[in-house]
Amino acid sequence: MPVIDAWMQHPTPRHANHEMFESLRRWSAGLTTLDKPLPVEVTVSALEAADVEIGLAAAWYGPQGALIDNNEVAGFVERSGGRLRGVAGADLARPMTAVRELRRAVEELGFVALRVIPWLWELPPTDRRYYPLYAACVDLGVPFCTQVGHTGPLRPSETGRPIPYIDQVALDFPELTIVCGHIGYPWTTEMIAVADKHPNVFIDTSAYTVRRYPPELVEYLRGRGRRKVLFGSNYPMITPSRALKHLDSLNLDEETRELFLHGNARRVFTL
């Protein structure tokens, strides 16, 4: 069965070697420092090993600049043989420049979404600097992807709370599709409540292997949330193969398995 990986990145040395990931390097074999750029073929091979048809490769922008910029992502996509699709990043410090860059990424580069990491900016998703980008996402018809839950890197976790932040954004922009990566732990129940409440809010499972999914998420995925949960790996921190290793233990029926692995992502990202 084909797989779509909703949250991943092809790393640059600026990204992989950043000091904020030192805490992750202590326990994540996938996150290693790079002496030189990683060939795109390495990432493509990791996706192929798990039958990942499409990986949504994201840019990373923070207050100190781009760790992976949109043009780099476009280059990775071009060299991936159709295996990667681009997800734009944005500089929140310059909102109008960010809006113009998002438009360029979608309209000229063919990117399918925007992703902003709140803990990287130490700004919750309700900060006024996000709001022009939300309006642009609605206008362009692309989802806004963001992180929920605690942070593995040594940064504050408060910005990852689903309530009040995702809940308020969904109220202010009911037409905005929001994909919340990293499950939301330890606020998973909050995240499920927000996804239930808002028709355009979704959850992706990135940064977690199947065996680490919280029980409440598994119950949600098997039942009323079968159209709300998308697979994500967080490659290179976790490879898709490792993330999906114990998929059968979830005891998903065929329809739910298909929706989780690719159907929901295909619909949400219009792939």
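Being a predicted model, the structure only gives us computed values, none of them experimental. (Residues numbered from 1 in each chain as written. Predicted model: local features only at pLDDT ≥ 70, side-chain atom pairs only at ≥ 80, totals over all residues. Heavy atoms only, no water.)

Chemist: Is there a simple way to think about the overall build of the protein in this case?
Modeler: Counting its regular elements, the protein contains twelve helices and ten strands. Whereas a compact globule of 271 residues would reach a radius of gyration of roughly 18 Å, the protein reaches 17 Å, a difference of no more than 12%. With respect to the principal axes defined by its C-alpha atoms, the protein has extents near 45 × 40 × 35 Å. Burial status across the protein gives 59% buried among its 271 residues. Excluding contacts between residues fewer than 6 apart, the proportion of contacts in the protein whose partners are at least 24 apart in sequence is 77%. Between the mean site of the 29 positive side-chain charges and the mean site of the 32 negative ones, the protein shows a separation of 2 Å. (Helix = DSSP H or I, 4+ residues; strand = E, 2+ residues; numbered from the N terminus. Rg over C-alpha atoms; globule rule 2.2 N^0.38 Å. Buried < 20%, exposed > 50% of the residue type's maximum accessible area, 1.4 Å probe, protein only. Contact = heavy atoms within 4.5 Å. Lys, Arg positive; Asp, Glu negative; His and termini not counted. Charge placed at Lys NZ, Arg CZ, Asp CG, Glu CD.)

Chemist: Would you mind going over the packing of aromatic side chains with me for this structure?
Modeler: In this description, a pair of aromatic rings is defined by centroid distance and the angle of the planes. If you walk through the whole model with that rule in mind, you get nine aromatic pairs. Seen in terms of ring centroids, W60 and W119 are 6.1 Å apart; in terms of plane orientation they differ by 65°. Their pairing is edge-to-face. Of this pair, W60 sits in strand β3 (residues 60-62) while W119 sits in helix α6 (residues 118-121), placing them 59 residues apart in sequence. Each member of the pair W60 and W119 is classed as buried. With 5.4 Å between their ring centres and 70° between their planes, Y134 and F173 make a pair best called edge-to-face. (Phe/Tyr/Trp six-rings, centres within 6.5 Å; stacked < 30°, edge-to-face > 60°.)

Chemist: I keep staring at the side chain of K228 and nothing clicks. Help me out?
Modeler: Note on placement: K228 falls in the loop between α10 (215-222) and β10 (229-230). Salt bridges are absent for the buried K228, whose nearest opposite-charge side chain, D196, sits at 6.6 Å. A polar atom in the side chain of K228 sits 2.9 Å from the backbone oxygen of A195. Discounting residues that sit within four places of it in the chain, K228 has contacts with A195, H198, P199, N200, V201, F202, I203, Y220 and N264. (Salt bridge = Lys/Arg side-chain N within 4 Å of Asp/Glu carboxyl O. Polar contact = N/O pair within 3.5 Å; in protein donor to acceptor, adjacent residues only side chain to side chain.)

Chemist: Would you mind showing me how to read the pattern of salt bridges here?
Modeler: Between side chains of opposite charge, a pair can form when the charged atoms approach closely. One pass over the structure, following the stated rule, counts 14 salt bridges. Where D127 meets R129, a salt bridge forms, and the shortest distance between an N and an O atom there is 2.8 Å. Residue R129 is classed as partly exposed on the basis of its relative accessible area, which comes to 29%. Bridged by salt links that share partners, the residues R226, R227, D253 and E255 form one connected network.

Chemist: What should I look at first to understand the sheet that holds strand β1 (residues 3-8) in this one?
Modeler: Paired through their backbone hydrogen bonds, the strands of a sheet run either parallel or antiparallel. Strand order in the open sheet formed by eight strands is β1-β2-β5-β6-β7-β8-β9-β10, with parallel pairing between adjacent strands. Whereas interior strands pair on both sides, the edge strands pair on one side only; in this sheet they are β1 and β10. Two strands pair when backbone bridges link them, and strand β8 (residues 178-181) and strand β9 (residues 201-204) are joined in this way by three bridges, in the parallel orientation. Directly across from I178, in β9, lies its bridge partner V201. Packed on one face of the sheet, helix α4 (residues 70-78) meets β2 (52-58) and β5 (84-88) and runs near 170° to β5. (Pairing = 2+ DSSP bridges. Axes fitted to C-alpha atoms, helices over the stretch in contact; angles between N-to-C directions.)

Chemist: Is there a simple way to explain the packing of helix α9 (residues 188-197) against α10 in this structure?
Modeler: Packed helices, taken two at a time, are described by their axes: the angle between them and the distance between them. Two elements in contact, α9 and α10, have axes whose closest approach is 9 Å; the angle formed by their N-to-C orientations is 25°. By the angle between their axes, α9 is roughly parallel relative to α10. The handedness of the crossing between α9 and α10 is left-handed. Here T188, T189, I192, A195 and D196 of α9 lie close against α10, whose contacting residues are E216, L217 and Y220. A class-by-class count of the residues in the contact of α9 with α10 yields four nonpolar, two polar and two charged. (Parallel < 35°, antiparallel > 145°, perpendicular 65-115°, else oblique. Left-handed = near helix turned anticlockwise from the far one by under 90°. Nonpolar A, V, L, I, M, F, W, Y, C, P; charged D, E, K, R; others polar.)

Chemist: Whenever I open this one, the environment of V73 confuses me. Can you help?
Modeler: Note on placement: V73 falls in helix α4. Overall, the relative accessible area of 1% leaves V73 in the buried class. Every residue in contact with V73, bar those within four places of it in the chain, is listed here: A57, A58, A59, I68, G86, V87 and F111.

Chemist: What's the story with helix α5 (residues 95-107) in this structure? I'm lost.
Modeler: For α5, spanning 13 residues, the distance from its first C-alpha to its last is 18 Å, which sits close to the expected 18 Å at 1.5 Å a residue. Against β3, α4, β5, β6 (113-116) and α7 (131-140) lie the buried residues of α5. (Expected span 1.5 Å × (residues − 1).)

Chemist: What is the right way to read empty space enclosed by the protein from this model?
Modeler: The gaps of empty space that remain are located by a probe, the size of a water molecule, rolled over the atoms. Within this structure, the stated rule accounts for one cavity of 30 Å³ or more. Around the largest cavity sit A59, W60, Y61, A90, R115, V116, I117, L120 and W121, which together line it. Those elements that place two or more of their residues in the lining of the largest cavity are β3, β6 and α6. Grouping the constituent residues of the lining of the largest cavity by class yields eight nonpolar, no polar and one charged. (1 Å grid on protein atoms, 1.4 Å probe; cavity = no way out; pocket = protein on both sides within 12 Å on 5 of 7 lines; lining within 4 Å. Points joined across faces, edges and corners; volume = space filled by probe spheres on them.)

From the geometry alone we can't say anything about function, so treat these as descriptive.
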